[in-house]
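In case you want the letters, here they are:
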Amino acid sequence: MRFARAVSGVGRATTFQDGCRVTQLEAVSEPAADTIVDLLASSTRVALAVADIRDGFAQRWLWIQLAHQDMRLRYRGSMLGPFWQTITTVVLISSMGVIYSKLFHTPMKDYLPLLTVGLIIWNFIAGMITEGCGTFDAVRGIIQQVKLPFSLHAFRLVYRNILVLAHSFVIIPIVLIIFPHPIAWMRLVEIFPGLLLAAVNGVAISIFLGMICARFRDVPPIVASVVQVIFFLTPIMWPPAALGSNQWWAVLNPLYTVIDVVRSPLLGMPTSPHSWSILAIVTLCNCALSFMFFTRFRARIAFWV
Amino acid sequence: MSFVRLEDVSVEFPIYQGSSRSLKKVLLASTTRGNLARDARDRINVRALNEISFELRSGDRFALVGANGAGKTTLLKVLAGVFEPTNGRMTSTGHVTSLLDTSVGLNGDATGHENIILRGMYMGIRPREMAERAASIAEFTELGDYLDMPVRTYSAGMMIRLAFAISTCIAPDILIMDEWLTAGDARFLAKAERRIAEFVGHSSILVLASHSMELVERWCTRGLLLHHGRIMTIGPIEEVIAAYRKLTEELLAIEAGAAAA
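Predicted model only: the values in this text are computed from it and were never measured.

Overview of the overall build of chain A
- Helix and strand counts for chain A come out as 14 helices and 2 strands.
- Nonlocal contacts in chain A, meaning residues at least 24 apart in sequence, comprise 70% of its contacts between residues at least 6 apart.
- Taken as a whole, chain A presents about 14200 Å² of accessible surface, with 72% of it coming from carbon and sulfur.

Details of the packing of helix H7 (residues 151–169) of chain A against helix H9 (residues 191–215) of chain A
Residues and elements named next belong to chain A.
- Packing of H7 against H9 brings their axes to within 9 Å, and their N-to-C directions diverge by 140 degrees. What the angle tells us is that H7 and H9 run oblique. Between H7 and H9 lies a crossing whose hand is right-handed. Along its contact with H7, which presents Ser-151, Ala-154, Phe-155, Leu-157, Val-158, Ile-162, Leu-165 and Phe-169, the element H9 presents Ile-191, Leu-195, Ala-199, Gly-202, Val-203, Ser-206 and Ile-207.
- Looking at the contact of H7 with H9, its residues break down into 12 nonpolar, 3 polar and no charged.

Focus: the nonpolar core
- In this structure, Leu-6, Phe-54, Leu-75 and Val-207 of chain B are the most contacted members of the largest nonpolar core, which totals 107 residues.
- Top contributing element to this core by residue count: helix H5 (residues 108–132) of chain A, with 14 residues.
- Leaving out residues up to four positions away in the same chain, Leu-75 of chain B has contacts with Leu-6, Leu-49, Ile-52, Phe-54, Leu-64, Leu-224 and Leu-226 of chain B.
- Counting residues in hydrophobic clusters, the runner-up holds 47 residues, among them Leu-106, Ile-125, Ile-196 and Val-216 of chain B.

Let's talk about H5 of chain A
- Here H5 of chain A contains 25 residues, and its C-alpha end-to-end distance of 35 Å stays within 8% of the 36 Å for a straight helix at 1.5 Å per residue.
- Judged by how many residues are buried, H5 of chain A sits mostly within the fold: 19 of 25 residues are covered.

Here's the deal with the pattern of salt bridges
- Summed over all chains, the structure comprises 22 salt bridges over all chains.
- Taking the shortest distance from any N to any O, the salt bridge between Glu-131 of chain A and Arg-74 of chain A comes out at 3.6 Å. Of this pair, Glu-131 of chain A sits in helix H5 while Arg-74 of chain A sits in helix H3 (residues 60–74), placing them 57 residues apart in sequence.
- For Arg-187 of chain B, the salt bridge is made with Glu-142 of chain B, and the minimal N-O distance between the two is 2.6 Å. Placement of Arg-187 of chain B in helix H7 (residues 186–201) and of Glu-142 of chain B in the loop between helix H5 (127–141) and helix H6 (156–167) is noted, with a sequence separation of 45 residues between them.
- What makes Glu-142 of chain B partly exposed here is its relative accessible area of 38%.
- Because the salt bridges share partners, they merge into one network encompassing Asp-70, Arg-74, Glu-131, Arg-156 and Arg-160 of chain A.

Overview of the packing of aromatic side chains
Residue and element names in this part refer to chain B.
- Under the definition given, this model contains 18 aromatic pairs over all chains.
- Considering the side-chain rings of Phe-54 and Phe-62, the 5.0 Å spacing of their centres and the 25 degrees angle between planes classify their relative orientation as stacked.
- For the ring pair Phe-164 and Phe-188, a centre distance of 5.8 Å and an interplane angle of 85 degrees mean the geometry is edge-to-face. In this pair, Phe-164 is assigned in helix H6 and Phe-188 in helix H7, connecting sequence segments 24 residues apart.

Section: the packing of H5 of chain A against helix H10 (residues 219–233) of chain A
Residues and elements named next belong to chain A.
- Taken N-terminus to C-terminus, the directions of H5 and H10 make an angle of 160 degrees; their axes are 10 Å apart at the nearest point. As judged from the angle between their axes, H5 and H10 are roughly antiparallel. Seen along the crossing, H5 lies across H10 with a hand that is right-handed. Judged by residue contacts, Leu-119, Trp-122, Ala-126, Ile-129 and Thr-130 of H5 engage Val-223, Val-227, Ile-230 and Phe-231 from H10.
- Considered class by class, the residues forming the contact of H5 with H10 number 8 nonpolar, 1 polar and no charged.

Topic: the side chain of Lys-72 of chain B
All names here are of chain B.
- Relative to the assigned elements, Lys-72 resides in helix H3 (residues 72–80).
- Judged by relative accessible area, which is 5%, Lys-72 ranks as buried.
- Engagement of the side chain of Lys-72 in a polar contact is seen with the backbone oxygen of Gly-66, the distance being 2.9 Å.
- Residue contacts for Lys-72: discarding those within four places in its chain leaves Leu-64, Val-65, Gly-66, Ala-67, Ala-209, His-211 and Leu-226.

As for the state of the cysteines
- Overall, the coordinates contain 0 disulfides over all chains when judged by the stated rule.
- Summary of cysteine pairing: Cys-287 of chain A is not part of a disulfide, and the nearest cysteine sulfur, belonging to Cys-285 of chain A, is at 9.4 Å.

Things to note about the interface of chain A and chain B
- At the interface, 42 residues of chain A touch 49 residues of chain B.
- The contact between chain A and chain B buries some 4000 Å² in all, and 56% of this surface belongs to carbon and sulfur atoms.
- Salt-bridge contacts for Arg-298 of chain A lead to Glu-84 of chain B; the nearest nitrogen and oxygen are separated by 2.8 Å.
- Our count for the chain A to chain B interface comes out at 5 residue pairs in polar contact (both at pLDDT 80 or more).
- Of all the secondary-structure elements, those providing two or more residues to the side of chain A that touches chain B are strand E2 (20–26), H3, helix H6 (140–145), H9 and helix H14 (301–304) of chain A.
- Per-element accounting of the side of chain A that touches chain B gives the leading share, 7 residues, to E2 of chain A.

Notes on the pairing of strand E6 (residues 174–177) of chain B
All names here are of chain B.
- The two faces of E6 match: Ile-174 and Ile-176 on one face and Leu-175 and Met-177 on the other face are all buried.
- Alignment of strand E5 (residues 96–99) against E6, held across 4 bridges, turns out to be parallel. Looking at E6, one finds that Thr-97 is bridged to Leu-175.
- Bridge count for E6 against strand E7 (residues 205–209) is 4 bridges, and the pairing is parallel. The residue of E7 that forms the bridge with Ile-174 is Ile-205.

Points about the sheet that holds strand E8 (residues 222–227) of chain B
Residues and elements named next belong to chain B.
- The strand order across the open sheet built from 6 strands is E5-E6-E7-E3-E8-E9, with neighbouring strands paired in mixed fashion. Two strands bound the open sheet, and with one partner strand each, they are E5 and strand E9 (230–236). Averaged over all pairs of adjacent strands, the angle between their axes in this sheet comes to 15 degrees, without regard to strand direction.
- Sitting on the sheet, H7 touches strand E3 (61–66), E6 and E7, and the angle it makes with E6 is about 145 degrees.

Quick notes on the domain arrangement of chain B
Residues and elements named next belong to chain B.
- Along its sequence, chain B is carved into domain 1 (3–8 + 55–95 + 171–260) and domain 2 (105–169).
- Between domain 1 and domain 2, the C-alpha centre-to-centre distance is 26 Å.
- Contact residues are listed per partner, giving 16 residues for domain 1 and 10 residues for domain 2.
- For the pair domain 1 and domain 2, the summed buried area comes to about 1200 Å², and 63% of that belongs to carbon and sulfur atoms.
- Across the salt bridge formed by Arg-161 and Asp-185, the nearest N and O atoms sit 3.2 Å from each other.
- The set of elements that each furnish at least two residues to the side of domain 1 that touches domain 2 consists of E6 and H7.
- Tallying contributions element by element places H7 first for the side of domain 1 that touches domain 2, with 7 residues.
- Residues belonging to the side of domain 1 that touches domain 2 are distributed by class as follows: 10 nonpolar, 2 polar and 4 charged.

Reading the values: the criteria
- Residues numbered from 1 in each chain as written.
- Chains lettered and ligands numbered in written order.
- Predicted model: local features only at pLDDT ≥ 70, side-chain atom pairs only at ≥ 80, totals over all residues.
- Heavy atoms only, no water.
- Helix = DSSP H or I, 4+ residues; strand = E, 2+ residues; numbered from the N terminus.
- Contact = heavy atoms within 4.5 Å.
- Areas by Shrake-Rupley, 256 points an atom, 1.4 Å probe, with all protein chains shown as cover.
- Axes fitted to C-alpha atoms, helices over the stretch in contact; angles between N-to-C directions.
- Parallel < 35°, antiparallel > 145°, perpendicular 65-115°, else oblique.
- Left-handed = near helix turned anticlockwise from the far one by under 90°.
- Nonpolar A, V, L, I, M, F, W, Y, C, P; charged D, E, K, R; others polar.
- Core = buried A, V, L, I, M, F, W, Y, C linked by side-chain atoms within 4.5 Å.
- Buried < 20%, exposed > 50% of the residue type's maximum accessible area, 1.4 Å probe, protein only.
- Expected span 1.5 Å × (residues − 1).
- Salt bridge = Lys/Arg side-chain N within 4 Å of Asp/Glu carboxyl O.
- Phe/Tyr/Trp six-rings, centres within 6.5 Å; stacked < 30°, edge-to-face > 60°.
- Polar contact = N/O pair within 3.5 Å; in protein donor to acceptor, adjacent residues only side chain to side chain.
- Disulfide = S-S within 2.5 Å.
- Buried area = accessible area lost by both parts, 1.4 Å probe.
- Pairing = 2+ DSSP bridges.
- Domains from an automatic or database assignment.

Structure (structure tokens):
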């Protein structure tokens, strides 16, 4: 077997040759002053991080199966299973709908669909952020024993949240049937790129937060309270128009853009003009930041958890 | 053909504890310095492995011995690919199966049968393929109807049976085991030994860390003695065991001397 050639790539590369798996683990050392070595090392790091994400995504079958397993185990012993979450959302929406439509002097038929879609998408986003704190910590046993791409854990987490979203998404058509809205059928395709971008951001955030929270144990409660505050700052329970001339506060909120690009097509409203561009820019920044962090500290995750 | 080569592998990692685990304190420390700075430096750098080099080839049965904290588990984790060396390089070919901890990859709330599938997935075996192997795994564990119960109700010995049976259901090219396996009962150990002997006959590599010299002597042909993260002795198993006994005696003598003084 031509061994050297197979591993001539970088660091942790897994190649298949002669039906055999070749693994090489090379130090990504932290040299003190030697800049040349440092450059080499950082390019190795980038390659390792890219390989990790690529291999993690390639093992789709695994994270898809694991996410389904998570769902099964989470709702074991409950008759309604994952629809528990759906019922909770229904109760929340109907009780909030009654009170807040009065508070905002908005007719129920306008308010309730707005709230429903907004809340369901928010639950999806918030779920990824709060669970993102445990991306690595929650699976520390696995990380300590089995060599898997680290990104795989983030994919599993996001996919699990997509499954949860799918279970509560069924509420939306029901609400829209009870309170009919002019649906532009052609625009419904817009919700897919919107949700896809949300999921991409979810992967980036869960990798980023997962690493921070593995290293610093006081971060998860901070994140939990920040998420709660953001819930009230984001136009979920209230329409951005309620801010009057200060509407741009809401419109520039990146979390609102996610809600906007999914909610507006569903409710047949125009998407706010900057939502797509803001969302695109935020996604890029998010991925870049997360990737930089991942590149730098990936090898440490196993020691942190 | 399987193969493992370590060249000057060192592993160094910071142990975070106390306030260095807190973002708030670390941030405060970097701005105020002073007393708080000392708090945030609750950080100890551990050099768990120091310039380890060796090579393993097909059919090798290799033992890692050494006192607690000598770096055996860290070395096993490097071999398993869990820890990346901070210096040096590790090269290996072949499918690695590691048995570092019984409970890992087993979900306490899931039944034994479900865990067979679950742990199989972590090993890269798809559920359908694993389902075909499930019967022979169940037979090897001899757990019978217990496999329908949640794993959290299992005793330590039952966990070991299950974890071992699943992990070794396909012949690994490289099998990495920590000493916990020795907690199984004698009959099970004999059974496990037969299975491992079979693998090694099929040109697999076995790496076993243990404190039990009898076990090591019976199962392994070569070995290395670790002390404070360094290789003290490497070679045929008899030499390693002799060196281990000598080291233990020396350490005991030093302790006795200290106690007397």
